[in-house]
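Residue-level listing of the chains:
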Amino acid sequence: FLFLELKLCHAFGHGADTHQLRFALPREADVRLAVFDLQGRRIRDLANGVRAAGEHVVQWDLRDESGRAVGAGLYLARLDAGGQSLTEKITALR
């Protein structure tokens, strides 16, 4: 059984609006962290693959897989690891 923790931190970097997503793994696990819109469409993969135990930080620059800026609104960050899933809301402001 794997205990996961996902925290969202709003950060401003290099003049662009970004969101910082932090997650902690108690042991190595295959991880997928993705952003979805409220209709369940995947907007962007932020992490995909095996990650070591410990804390990890991923930046989302409010862009989709094609590099286009997303609109203002509510999005969902979903972390899947070790057979568990966690979802957190992200508010994108423009």
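Since we're looking at a predicted model, the values are computed, not measured.

### Remarks on the packing of aromatic side chains
Going through the model one piece at a time under the given rule, you end up with 1 aromatic pair. Taking the centre distance of 5.7 Å and the plane angle of 75° together, the rings of Trp-60 and Tyr-75 count as edge-to-face. Highlighted residues: Trp-60 in strand S5 (residues 54–60) and Tyr-75 in strand S6 (residues 73–81), separated in sequence by 15 residues. Take Trp-60 and Tyr-75: they sit in the same class, and that class is buried.

### Here we look at the pattern of salt bridges
Inspection of the entire model under this criterion finds 7 salt bridges. One salt bridge connects Arg-42 with Asp-45, and the closest N-O pair in it is separated by 3.6 Å. Residue Asp-45 is classed as partly exposed on the basis of its relative accessible area of 24%. The network of salt bridges with common partners includes Arg-32, Arg-42, Asp-45 and Glu-65.

### Comments concerning the nonpolar core
Among the nonpolar cores identified, the biggest contains 20 residues, and Leu-33, Trp-60 and Tyr-75 are the most heavily contacted of them. Sorting the residues of this core by element identifies strand S2 (16–25), strand S3 (29–36), strand S4 (42–51), S5, S6 and strand S7 (84–92) as the ones contributing at least two each. Setting aside residues no more than four positions away along its own chain, Trp-60 makes contact with Asp-17, Thr-18, His-19, Leu-21, Val-35, Ile-43, Arg-44, Leu-46, Val-70, Tyr-75 and Ile-90.

### Describing the confidence of the model for the protein chain
With 82% of its residues at a pLDDT of 70 or more, the protein chain shows a mean pLDDT of 85. At the low end of the mean pLDDT range in the protein chain sits strand S1 (residues 5–13), at 56; at the high end sits S4, at 96.

### Quick notes on the environment of Asp-64
Examined against the element boundaries, Asp-64 turns out to sit in the loop between S5 and S6. Under the relative-accessibility criterion, Asp-64 is labelled buried at 13%. On a C-alpha basis, the gap between Asp-64 and Phe-36 in space is 9.7 Å, while along the polypeptide they are 28 residues apart. Sequence-distant contacts of Asp-64, that is, excluding residues within four places in its chain, are made with Ile-43, Arg-44 and Val-70.

### A few points about the pairing of S6
One ladder, built from 6 bridges, connects S3 with S6; its direction is antiparallel. If you follow Leu-33 over to S6, its bridge partner there is Leu-79. In the sheet, S6 pairs with S7 via 9 bridges, with the strands oriented antiparallel. Along S7, the bridge assignment pairs Ala-77 with Glu-88.

So, how was this worked out
- Residues numbered from 1 in each chain as written.
- Predicted model: local features only at pLDDT ≥ 70, side-chain atom pairs only at ≥ 80, totals over all residues.
- Heavy atoms only, no water.
- Phe/Tyr/Trp six-rings, centres within 6.5 Å; stacked < 30°, edge-to-face > 60°.
- Helix = DSSP H or I, 4+ residues; strand = E, 2+ residues; numbered from the N terminus.
- Buried < 20%, exposed > 50% of the residue type's maximum accessible area, 1.4 Å probe, protein only.
- Salt bridge = Lys/Arg side-chain N within 4 Å of Asp/Glu carboxyl O.
- Core = buried A, V, L, I, M, F, W, Y, C linked by side-chain atoms within 4.5 Å.
- Contact = heavy atoms within 4.5 Å.
- pLDDT = per-residue confidence, 0-100.
- Pairing = 2+ DSSP bridges.

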